[in-house]
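Structure at a glance
Chain residues, written in single-letter form:
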Amino acid sequence: MDAPPPQKRLKLSDFDISETRGFMPEEIPCKKLPDYFRSWEDIISDLPQLIERKEIRERVEKLDQLEISEATLGKLEMNKSQWLWAYVVATFIGQAYIWTNKDDTDVKTTVPKCIAVPWSEVAEKVELPPVQTYATACLYNWYLADPTKPTDEENLKSLIIYTGLLDEEWFYIISLLVEVAAAPGIRAVVEAYNALASNSDATEDTLFQCMKKILESAKNMSAALDKMYKKCKPEKFFGDLRRFQRGSTDKGLTPNGITYEGVGVKKLSGASAGQSSTLPVFDIFLGIKHDEPEEGEKPGRVFEYLDDMRKHMPMEHQRFLEALKEQPKQPREYVKEKMKTKPEMAALFNSIVSEISRFREKHITLVQKYIFKQIPNLTSYEKVTGTGGTPIQVFLVDVKKNTNKAKLFPTS
């Protein structure tokens, strides 16, 4: 029998993961592009007003098409942060064009070539899809009011918003606060895997201490999510913001997808918290399975959805999740082997599972208040789809059930 592959030591910086902010970039996102993009930035600087006055579509249709190619832009020497910012800017313009009017029947299912082509080209450059994603709304769309102060709710601000409402900005900020709260836990996950790789006398104690940090981090994530209600009113989220987070998979609104002139027809999921890499990290650490198919089996609906969400994550973050999964020694199996001699490890492990489940329960409650209760005469939660394109209630409940199944119990 072949020996298992060696455990690889992991380093957060190899995957563009911040020690202090988790999946948010270590450097504050770029908010200035070369003058070549001035026509885009002029629109962004006036975006809420253009949307309110219903002038955004006319303004976009008058744009000259920017050529995004190495020949044109090589001389500009754009760095990665600038490319990501160009992607964010193009996405906000494109989404505003499609979804400006509150009347859901007025959806622009054809995006003009002048923005569709460069939007798609910039998206390809950063290896993300041309649609609103968690990355455009949150990860690469923030700054600090005072760069010398902490990344907290008082100091975090959004670079672009559609509506001009504090409710929208707060919605994005809370998502970022969850990322910040998760950062110590993500560091602990890497430390735990590296301890398993060392296979030393200190491995057991290191893993135990890491799990304590992960539990504390999970609790802080829940505390951050609870703050959503402070400054984001459900009716504002549902009535003013939610439409801009949509993709092109809704069978009622975009049954044939959206045509990007000069590119083609696309059916893409919209922005979703499922596109954050944070919970998948903890799922892998805990061995939580979401309908993963056995060889030759058809994948379940939760797996298919989460797999689609992963394609909307930054490529480096996708690679990090794969690196965790590929580690031959997994924390769950190590704790399971120690259950009889170190039952306190299994108890701590189960506490983490419970806390992740509690976070997911809080997310379900939030969805019920911000979406379900805003829909007049709603007879069934199961009929409502999220901006990511899946039936929300069914998905969230299934994910929570899968989480609880990960708890370890003694066997006779």
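These numbers were taken from a predicted model, which means no experiment stands behind them. (Residues numbered from 1 in each chain as written. Predicted model: local features only at pLDDT ≥ 70, side-chain atom pairs only at ≥ 80, totals over all residues. Heavy atoms only, no water.)

1. A look at the overall build of the protein
Within the protein, the regular secondary structure consists of 17 helices and five strands. Taken over C-alpha atoms, the radius of gyration comes to 22 Å for the protein, in line with the 22 Å a tight globule of 412 residues would show. With the principal axes as the frame, the protein shows a C-alpha extent of 70 × 55 × 50 Å. Looking at the 412 residues of the protein, the share that counts as buried comes to 54%. Long-range contacts, defined as pairs at least 24 residues apart, comprise 77% of the intrachain contacts of the protein with a sequence gap of at least 6. Total accessible area computed for the protein in this model is approximately 19,100 Å², and 49% of it derives from carbon and sulfur atoms. Of the side-chain charges in the protein, 58 are positive and 61 negative, and the distance between the mean point of each set is 4 Å. (Helix = DSSP H or I, 4+ residues; strand = E, 2+ residues; numbered from the N terminus. Rg over C-alpha atoms; globule rule 2.2 N^0.38 Å. Buried < 20%, exposed > 50% of the residue type's maximum accessible area, 1.4 Å probe, protein only. Contact = heavy atoms within 4.5 Å. Areas by Shrake-Rupley, 256 points an atom, 1.4 Å probe, with all protein chains shown as cover. Lys, Arg positive; Asp, Glu negative; His and termini not counted. Charge placed at Lys NZ, Arg CZ, Asp CG, Glu CD.)

2. Points about the pattern of salt bridges
Counting across every chain of the model gives 23 salt bridges. Taking the shortest distance from any N to any O, the salt bridge between Arg 57 and Asp 106 comes out at 3.1 Å. Highlighted residues: Arg 57 in helix α3 (residues 56–61) and Asp 106 in the loop between α5 (80–99) and β1 (110–111), separated in sequence by 49 residues. Classification of Arg 57 as buried rests on a relative accessible area of 11%. Ionic pairing is found between Arg 246 and Asp 250, a salt bridge with its closest N-O pair at 3.5 Å. Residue classification places Arg 246 among the buried positions, given a relative accessible area of 12%. Assessed through its relative accessible area of 21%, Asp 250 is described here as partly exposed. Taken together, the salt bridges that share partners define one network made up of Asp 16, Lys 80 and Glu 316. (Salt bridge = Lys/Arg side-chain N within 4 Å of Asp/Glu carboxyl O.)

3. Remarks on the side chain of Ser 277
Within the element layout of this structure, Ser 277 appears in the loop between β5 (264–266) and α12 (278–286). The exposure class of Ser 277 is buried, given its relative accessible area of 2%.

4. Considering the nonpolar core
Grouped together as the largest cluster of nonpolar side chains are 135 residues, with contacts concentrated most on Trp 40, Leu 47 and Phe 320. By residue number, the principal contributor to this core is helix α8 (residues 166–198), which donates 18 residues. When residues no more than four places from it in sequence are discounted, the contact partners of Phe 320 are Leu 12, Phe 15, Ile 17, Phe 23, Ile 186, Val 190 and Val 281. (Core = buried A, V, L, I, M, F, W, Y, C linked by side-chain atoms within 4.5 Å.)

5. Focus on the packing of α8 against helix α11 (residues 234–241)
When two helices pack together, their arrangement is given by the angle between the helix axes and the distance between those axes. Look at α8 against α11: their axes get within 9 Å of each other, and the N-to-C directions meet at 100°. By the angle between their directions, the pair α8 and α11 is classed as roughly perpendicular. The segment α8 lies against α11, with Asp 167, Glu 168, Phe 171 and Tyr 172 engaging Lys 236, Phe 237 and Leu 241. Within the contact of α8 with α11, the residues separate by chemical class into four nonpolar, no polar and three charged. (Axes fitted to C-alpha atoms, helices over the stretch in contact; angles between N-to-C directions. Parallel < 35°, antiparallel > 145°, perpendicular 65-115°, else oblique. Nonpolar A, V, L, I, M, F, W, Y, C, P; charged D, E, K, R; others polar.)

6. Topic: helix α17 (residues 392–404)
Along its 13 residues, α17 runs 19 Å from first to last C-alpha, staying within 8% of the 18 Å computed at 1.5 Å per residue. The complete set of buried residues in α17 reads Ile 392, Gln 393, Val 394, Phe 395, Leu 396, Asp 398, Val 399, Asn 402 and Thr 403. The secondary structure elements touched by the buried residues of α17 are α13 (301–310) and α16 (343–370). (Expected span 1.5 Å × (residues − 1).)

7. Considerations on the packing of aromatic side chains
A full pass over the atoms with the stated rule returns 13 aromatic pairs. A ring pair is formed by Tyr 162 and Phe 244, whose centres lie 4.3 Å apart and whose planes are at 5°; its orientation type is stacked. Here Tyr 162 is found in the loop between β3 (156–158) and α8, whereas its partner Phe 244 is found in the loop between α11 and β4 (258–260), with 82 residues between them in sequence. Look at Tyr 162 and you get buried, because its relative accessible area is 0%. Judged by its relative accessible area of 0%, Phe 244 falls in the buried class. Here Phe 171 and Phe 237 contribute two aromatic rings whose centre-to-centre distance is 4.9 Å and whose plane-to-plane angle is 35°, an arrangement assigned as tilted. Here Phe 171, found in helix α8, pairs with Phe 237, found in helix α11; they are 66 residues apart in sequence, far enough to count as distant. (Phe/Tyr/Trp six-rings, centres within 6.5 Å; stacked < 30°, edge-to-face > 60°.)

8. Re the sheet that holds β5
Read from one edge to the other, the open sheet built from three strands follows the order β1-β4-β5, with strand pairing classed as mixed. Two strands in the sheet have a free side with no partner beyond their single neighbour: β1 and β5. With three bridges joining them, β4 and β5 adopt antiparallel strand pairing. Following the sheet pairing, Tyr 260 is matched in β5 by Gly 264. (Pairing = 2+ DSSP bridges.)

9. Side note on unusual backbone geometry
Positive phi outside glycine occurs at Glu 127, with the angle close to 65°. Phi is positive for Asn 199, which is not a glycine, with a value near 50°. Residue position: Asn 199 is located in the loop between α8 and α9 (203–226).

10. Details of the environment of Asn 404
Position of Asn 404 relative to the elements: it lies in helix α17. Of the residues examined, Asn 404 reaches a relative accessible area of 31% and is grouped as partly exposed. In the structure, Asn 404 is positioned 49 residues away from Glu 355 in sequence and 9.9 Å away in space, judged by C-alpha atoms. Discounting chain neighbours no more than four positions away, the residues touching Asn 404 are Val 353 and Ser 357. There is a polar contact of 2.9 Å between the side chain of Asn 404 and the side chain of Ser 357. (Polar contact = N/O pair within 3.5 Å; in protein donor to acceptor, adjacent residues only side chain to side chain.)

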